[in-house]
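# A structural walkthrough
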Amino acid sequence: MAEQASDYHRGDMDISEQVATYDLMMGLTKWGSLAIAAVVLMLTLWFCTDSGFLGAVFGTLVLVVGGVLLLRGGKKAH
């Protein structure tokens with residue numbers, strides 16, 4: 001069989017839009033997961049333990065500060 005002619009050449013297309021979309025989706029997933037974890041932790045500590053509201057706030061702040069420190073990343077070279 002003869003090969004089909006094509007205008008597509010592997011590696012020649014600009015993929016900056018796909019990279020931007022991927023980076024946005026990963027960022028939303030990362031920070032959204034931290035927000036959901038913080039809400040679940042706060043509600044669990046507040047209503048299901050004897051720590052009360054202030055204990056729940058303190059535990060949630062520890063989680064959020066630790067999460068921000070771990071999840072924030074430097075600039076990536078593309």
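Report on the accompanying structure. (Residues numbered from 1 in each chain as written. Predicted model: local features only at pLDDT ≥ 70, side-chain atom pairs only at ≥ 80, totals over all residues. Heavy atoms only, no water.)

Per the secondary structure count, the chain includes 2 helices and 0 strands. Put simply, the chain has 78 residues, and 10% of those count as buried. Taking all contacts inside the chain whose residues are at least 6 apart in sequence as the whole, residues at least 24 apart take part in 48%. Surface summary for the chain: the accessible area is close to 6,900 Å², and the carbon and sulfur share equals 67%. (Helix = DSSP H or I, 4+ residues; strand = E, 2+ residues; numbered from the N terminus. Buried < 20%, exposed > 50% of the residue type's maximum accessible area, 1.4 Å probe, protein only. Contact = heavy atoms within 4.5 Å. Areas by Shrake-Rupley, 256 points an atom, 1.4 Å probe, with all protein chains shown as cover.)

All chains considered together, the criterion is met by 2 aromatic pairs. Note on tryptophan 46 and phenylalanine 47: the rings are 4.7 Å apart at their centroids and 20° apart in plane angle, and the pair reads as stacked. Since its relative accessible area comes to 34%, tryptophan 46 is described here as partly exposed. Note on tryptophan 46 and phenylalanine 53: the rings are 4.9 Å apart at their centroids and 65° apart in plane angle, and the pair reads as edge-to-face. Owing to a relative accessible area of 41%, phenylalanine 53 belongs among the partly exposed residues under this scheme. What links up through ring pairs into an aromatic cluster is the set Trp46, Phe47 and Phe53. (Phe/Tyr/Trp six-rings, centres within 6.5 Å; stacked < 30°, edge-to-face > 60°.)

A separate point is helix α1 (residues 16-48). Look at α1: 47 Å from first C-alpha to last across 33 residues, which is about the 48 Å you get at 1.5 Å a residue. Contacts made by the buried residues of α1 are with α2 (52-71). (Expected span 1.5 Å × (residues − 1).)

What follows is about the side chain of threonine 60. Mapped onto the fold, threonine 60 is located in helix α2. Using a relative accessible area of 10% as the deciding quantity, one classes threonine 60 as buried. Within the structure, the side chain of threonine 60 is placed 2.7 Å from the backbone oxygen of alanine 56, a separation counted as a polar contact. In this structure, threonine 60 is in contact with Ala38, Leu41 and Met42, ignoring residues within four places of it in sequence. (Polar contact = N/O pair within 3.5 Å; in protein donor to acceptor, adjacent residues only side chain to side chain.)

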